[in-house]
Each structure stands twice: as structure tokens, then as C-alpha cells.
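Listed below, chain by chain, are the residues.
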2 protein chains.
Amino acid sequence: MKKAYDVISVHNEPKAEGLLKSIDGKNPLFVCVTGTTETAKIPGISAAGKYPELTDYTPPADAELLLLGRCKCISGVPVTPEGIPTPALITRSALRLADIPVLVANGGLRVKPCIPFLDLGGNIRTGKAVENVGEVIQRATIAGESIAKLADYLVIGESIPGGTTTALGVLLVMGIDAEGKVSSSMPGNPHELKIETVKAGLRASGEEFGSLAEDPIKAVSCLGDPMMPAFAGLVLGAATKVPVLMAGGTQMGAVLAVVKALNRHVLDNLAIGTTRWIIADKTSDLRGIISQIADVPILAADLDFSRSKFAGLRAYEEKVVKEGVGAGGATVAAMVKSGGSITREVLLREIERNYEFLVRPG
Amino acid sequence: MKKAYDVISVHNEPKAEGLLKSIDGKNPLFVCVTGTTETAKIPGISAAGKYPELTDYTPPADAELLLLGRCKCISGVPVTPEGIPTPALITRSALRLADIPVLVANGGLRVKPCIPFLDLGGNIRTGKAVENVGEVIQRATIAGESIAKLADYLVIGESIPGGTTTALGVLLVMGIDAEGKVSSSMPGNPHELKIETVKAGLRASGEEFGSLAEDPIKAVSCLGDPMMPAFAGLVLGAATKVPVLMAGGTQMGAVLAVVKALNRHVLDNLAIGTTRWIIADKTSDLRGIISQIADVPILAADLDFSRSKFAGLRAYEEKVVKEGVGAGGATVAAMVKSGGSITREVLLREIERNYEFLVRPG
């Protein structure tokens, strides 16, 4: 009997159903890969922080929220300039409900979280570029191999402000047509600003569309962000042994392109896990990006916040935030692990409970 | 039917047998807690490095050996001044044979290993004392809770040169009679030098025997080392959920005293895993230390290197090294996980193979 989950197979349905079947009744581990980039501080490019400078605190705060249920390096929770709360709230609620363990990995952070984390990259000092990409991929691959022994499958998410712009950069320089296709956490997707930013990066590094299709390490070094080598390495190490649900939006395209260029044999063990909001988004095209890279299924958590009692959550239906911190993939994993008893209604109630607790004064 | 392992129950036999039964057929995770301390650089106090300054490289090199099968931050493997190889060789061989996953945790290192690791403490900058003991214990407790979800039980070992002297310090200031009882990796156990070192530490901190019996955090801050809060926190977090085999020699006494002072309810879920060499050592008294603290069983891996073809390994029978990097506990776990098919002979052959590979020229 086929179980019913609030999950939509939106691309490559037979493979998506196969993946759902293969993780049925299995125990996942959720890994959140964090990083910061100077790109996020370009005014207007990221909503992950009320002020551009605050984006350095968003990933460690997200990581703390995942592990502790509250943030330590900031008070309250990360919010967009409009006060919409971080999707880490969804991830935390889903993982908690389904008792899924969490590991935080650091690809390169300016501000360290006040929790234990797996160090894959180190701190960013110069902020000028992504350093030691090859070495970070190697380390993360070793970590992925080890971690794969600890769970039946992995769900890997990310928290890095400005990540869709760096994703655009890596996708373009690797020859994937992603102009106007990457997503945004902002209500109006600032495609022009992103393209302009990437073009400046291409000029500065003497590269052009497709010129680094065969050199993913240089692509990430020149135009990427520190989340990418850590995430790609974890996938490369783990997916030789267990299925990996890459939890995110269009940024997963850049990671997938890097993974494919380094070892296409792992592609059969991968799926993208995202949210319905990403799929429904008219300003971006996740399917259009992924289908250019590999025949990988996409699963979307069919979340619906339209009837939430909180304006901050209803806003998710208004095309803001949409995804992040692996919210979609964590939700899919929680629904499957619970055998369908965690529905979108159950999850929304838990999210509302956590939100209320986190934002109440005092 | 009772299975036969090359394991000796040397203290609290009924509980030891109960622990062996409870982990039968279960999947462990091995965690190696690393740290460095200035105490190791006092001439004559530690054998974990040919020259005192090199002791900063021993723990990261041990960690690399565990995860990769070879060291990266040094060439070859860590050796004592006489050329006896690190017990990490035993640990690596046991874990590899039994396919037991490994996680490296950093309690406080001067030199970072070139592998992924769980950051619990951070780098040591001043080297003057152990900083942020309370905070590290908190973080490590959170990590222990998370990690406990990933395995049926934990085996936790340590790599910190100079660790028996800091153990003596913490034991004495917490009121445990450990004078002349801590072990040593050197052929002649330099008890006088250790006691003198600890007495200088007690004077400098204005403390005396037993004065911090109720304040384990201050005890570690004044006289301990950065391995201790990370190790104790992991135990405190994990042992509320799963059994924990504390893998080591007399240093485990200091960690156990800290754990007991912070939460005696976890004591029933603990055992000490060590080597026969520690038990047979006439210059130290593990049982005498542990029995003053808690009713915790001791299991010893019945290793025998007397017929090894390598002088460097036969030396283990001559009262050098004896234990470290969780060698005894990892061996016990490997023997139990394999249902007894990993005997001490099987393990010795694997250790010899790895040793040959690691020390051959070029």
C-alpha cells in the first residue's frame, strides 16, 4: 500500500517515488552546512538579516536554533527586513517532531555558533574569495564517508545568506543557463542585481559563461561561497554509501553541478528536497536548472501557512523566504519517518508553538 | 550461551558482564577527544613525542591516523623517544577491522588536525590554564546528546600528552587519593615529578587536597586539561541515553570524578575500557582510583604483543605506552561487535600490517 505524505514529486516522478520508497521506515541524519559570504552584504541582495552586516549572524543563529531550540549569538530569531522569521523554525519543528538527529557543519563562518559543530573549512579571514576549496572538499568527503555510517540516509541543508547569487555565479561559469532562474528570499527577486554582481565577478576573475565547466574547484574559488565545497564534499563522501536528500532551492543546482563534475557515479543516490513555495515561484526555475545538470528527482514538501494565526508565517505564502536551512527536505524526511502521521497541519501547529515561544517578549 | 572474548573483567565483575551483554550485537560509535597542554612540555613528564615541543602534534596526528590510516601533520606516526609507536595504531586497527565509525572532537588544540573534527573547545591561545570549562562542558553535553542518537553506545577515548599529570592534579584537588597511582607512558613512572608539578599548581591556585571536591569546574580550570571538560560533557550528554565505555587508563578517574560531581545519575550507564597493560602495571593503580569514585566496572582488552615480529610493538610488553587514544576500549568494542571473531591474534596481525605500511621508508 502506498503511503500518503504531504509531499509532491515535481520532477522525475518514478525516481522520486523510488527514493521515497527507499527511505521509508529508515532513520535519517540531518546535517546543516553553514557559511558566510561578503556577497550577502551588497545592499538589496539578501533578506537573511535586517541589516547587511547582520547576515554574519544568521547562519550561526540558525544552527543554534536547530540544535537548542533557541538562538544564543542573537536574541530572538533571524528575521527578514519585514520581520518574517527564518525557515530554520520549520526545520527545527520538523526534526524535533520526528526525532531526527542534527549535526552542524561549518564551511566557513565569520561568527562561530555557540554550539558544537563539525569544522570543515574554518573561519573566513579575508572574505575576498573561497579559499582552499579543494582541501575543504577533501575533508568534507572524509566527513561524509564517516557520517554515512551513522544513519540510513542523510538530509543536508544549508544556511548561507547571499547564496543564490553565488549559486548563479557557479552555474553560469560552469555553463548552465541559470540567468533569471535562481530563487530569492526577497519578495521581488532582484535578478538584475544578481546578474550584475556575477558579471563583475566573472570579469574580475577573467572567466566567462561555461569557461570553468570542467573545473568545479576553480568555479567555486572564483564565484562560489564556502558552503559549496563543504556541502559538495559531504555529498561526495556519503552518497557512495547511502541516499542523500539535498535540501534546498536553486542553490542545490550549483552544488549538484560541482558534485557531478567530480564524481557522476553518485548522482543515482541523490534527490533534491525542497518546498512547494520554491516550485510555485514564478520568478525562479529550479526544475529548469536541475534538468540541465542531471536526471535527479525533486521532492517538494507541500507546506501551507495560509491559515496560520501569525502574520509572520502567513507571509511565507506571499513569496518571501520560501526555503532555507533545509526546511523542505527536513519536512519531507519528518513526514516519511513518521509514516505520514506528521502532516502539514501537525507541523504548522508545532511551528506556531515554537514561534510563539521564541518571539514572545522577555 | 556466553560468548568468549579476549576481555578481562577486572573490577566489579557482575556489572562488567552486564555491560558486555548489553552491548552484544550493538553498533558503537568511537569518539576521540583531543587536547594539548603545556604540562606535557615539562621535560621528563610525557613520552608522547620525541621532543617536548612535538607533543603539540601528537593529538592531531593520532586523530588523522584514526580517520585516514595515516598522519598528515607529521610524517610517519607519533613515537616515544625510544621509537615506540602511538597506541592510535591499535585503535585504528581495531576500529577498521570491526567497521566502527569514528568522530574526532577537539577540546583544545594548538595544532589543528587536517581532517574534519567536532569543535567543542577551540584553539588554545594562552596555554596558561583551561579556559571556559563550564561552557565547554555545556557544548559537549549538547554534542553528547546528539551523538547518542547516532549509535547504540559510545566508546570515548582521548589523546592528550601530559594527561596523567593533569589527572593527578584534578583527582587530588577533588579529594581522591591518587598519589603514586596514576599511570605513565614512560618506562619509569616519574611520580615524584608529577606530584611536584601538581603541588606547584595547587600552591599557585591557592588550593589543597580535597578543597574543590564540590567544584569540578574550578578543579579542571585550575589543574586539569582541555580534554577533560570535552570528554566529561560528552559523557554527561550521551550516558543519559546510551551506555558509554570510557576508554583510557587512570585519566578516566579524573573525568569520572568530574562527571560524578555534575550528575551522579549517569554513573550506572558507564564502564571503563582499558588494556591489560594498565591493569598489570605495578607503578599505577586504576582500580584504586576508580573504586574511590564510583561503582563503575572496568573491562580490559587482553592484548599480547610479546610474540610480535616488531620490536616497536613488543615494547608494549615492557611497560611503555600501555594505553592511549582509547586503544583498550576500542579493542573491547571491536571484539564484542565481531562476536568474538576479532581475537587478540587477529588484531595483532592487522596492527602489524598497518605498522609495516606506516613506517616503511618512502
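What this report covers is the structure whose coordinates are included nearby.

Criteria and thresholds
Residues numbered from 1 in each chain as written. Chains lettered and ligands numbered in written order. Predicted model: local features only at pLDDT ≥ 70, side-chain atom pairs only at ≥ 80, totals over all residues. Heavy atoms only, no water. Axes fitted to C-alpha atoms, helices over the stretch in contact; angles between N-to-C directions. Helix = DSSP H or I, 4+ residues; strand = E, 2+ residues; numbered from the N terminus. Parallel < 35°, antiparallel > 145°, perpendicular 65-115°, else oblique. Left-handed = near helix turned anticlockwise from the far one by under 90°. Contact = heavy atoms within 4.5 Å. Least-squares fit on C-alpha atoms with pLDDT ≥ 70 in both. Buried < 20%, exposed > 50% of the residue type's maximum accessible area, 1.4 Å probe, protein only. Pairing = 2+ DSSP bridges. Buried area = accessible area lost by both parts, 1.4 Å probe. Salt bridge = Lys/Arg side-chain N within 4 Å of Asp/Glu carboxyl O. Polar contact = N/O pair within 3.5 Å; in protein donor to acceptor, adjacent residues only side chain to side chain. Nonpolar A, V, L, I, M, F, W, Y, C, P; charged D, E, K, R; others polar.

**Things to note about the packing of helix H4 (residues 133–148) of chain B against helix H8 (residues 227–238) of chain B**
Residue and element names in this part refer to chain B.
Phase 1 of the analysis: Remark: H4 packs on H8, axes separated minimally by 6 Å, with the N-to-C direction vectors making an angle of 40 degrees. Accordingly, the angle class assigned to the pair H4 and H8 is oblique. Considering the relative orientation of H4 and H8, their crossing is right-handed. Contacts from Val133, Val136, Ile137, Ala140, Thr141, Ala143, Gly144, Glu145, Ile147 and Ala148 of H4 reach H8 at Pro229, Ala230, Gly233, Leu234, Leu236, Gly237 and Ala238.

**Section: unusual backbone geometry**
Phase 1 of the analysis: Positive phi values are uncommon outside glycine, yet A:Lys322 reaches one of about 75 degrees.
Phase 2 of the analysis: With respect to the element layout, A:Lys322 can be found in the loop between helix H12 (311–314) and helix H13 (327–337).

**As for the relation of the copies chain A and chain B**
Phase 1 of the analysis: The two copies are related by a screw motion: chain A maps onto chain B through a turn of 180 degrees and a shift of 0.0 Å along the axis, at an RMSD of 0.0 Å. Between the two chains, the operation in question is that of a two-fold axis. Across chain A, the rotation axis passes nearest the C-alpha of A:Leu118, at a separation of 2.1 Å.
Phase 2 of the analysis: When the interface residues of chain A are mapped onto chain B, 100% of them again lie at the interface, so the same face is used by both copies.

**Some thoughts on the pairing of strand S3 (residues 102–108) of chain A**
Residues and elements named next belong to chain A.
Phase 1 of the analysis: Counting buried residues along S3, seven of its seven residues qualify, which places the element largely inside the surrounding structure.
Phase 2 of the analysis: As paired elements, strand S2 (residues 28–35) and S3 share six bridges and run parallel to each other. Bridge assignment links valine 33 to a residue of S3, and that residue is alanine 105.
Phase 3 of the analysis: Relative to strand S4 (residues 117–119), S3 runs parallel, the two being bridged by two bridges. Within the sheet, the bridge partner assigned to asparagine 106 lies in S4 and is aspartate 119.

**Focus: the interface of chain A and chain B**
Phase 1 of the analysis: With 24 residues of chain A in contact, the opposing surface of chain B contributes 24 residues.
Phase 2 of the analysis: Between chain A and chain B the total buried area reaches about 2000 Å² when both faces are included, carbon and sulfur atoms providing 66% of it.
Phase 3 of the analysis: Run the count over chain A and chain B and you get four salt bridges.
Phase 4 of the analysis: Ionic pairing is found between A:Lys112 and B:Asp119, a salt bridge with its closest N-O pair at 3.5 Å.
Phase 5 of the analysis: If you look at where chain A meets chain B, you find five residue pairs in polar contact (both at pLDDT 80 or more).
Phase 6 of the analysis: When contributions to the side of chain A that touches chain B are tallied by element, the ones reaching two or more residues are helix H2 (58–68), S3, S4 and helix H4 (133–148) of chain A.
Phase 7 of the analysis: Per-element tally for the side of chain A that touches chain B: the top contributor is H4(A), with five residues.
Phase 8 of the analysis: Of the residues contributing to the side of chain A that touches chain B, the split by class is 16 nonpolar, two polar and six charged.

Bear in mind that shape data such as this cannot, by itself, settle questions of function.
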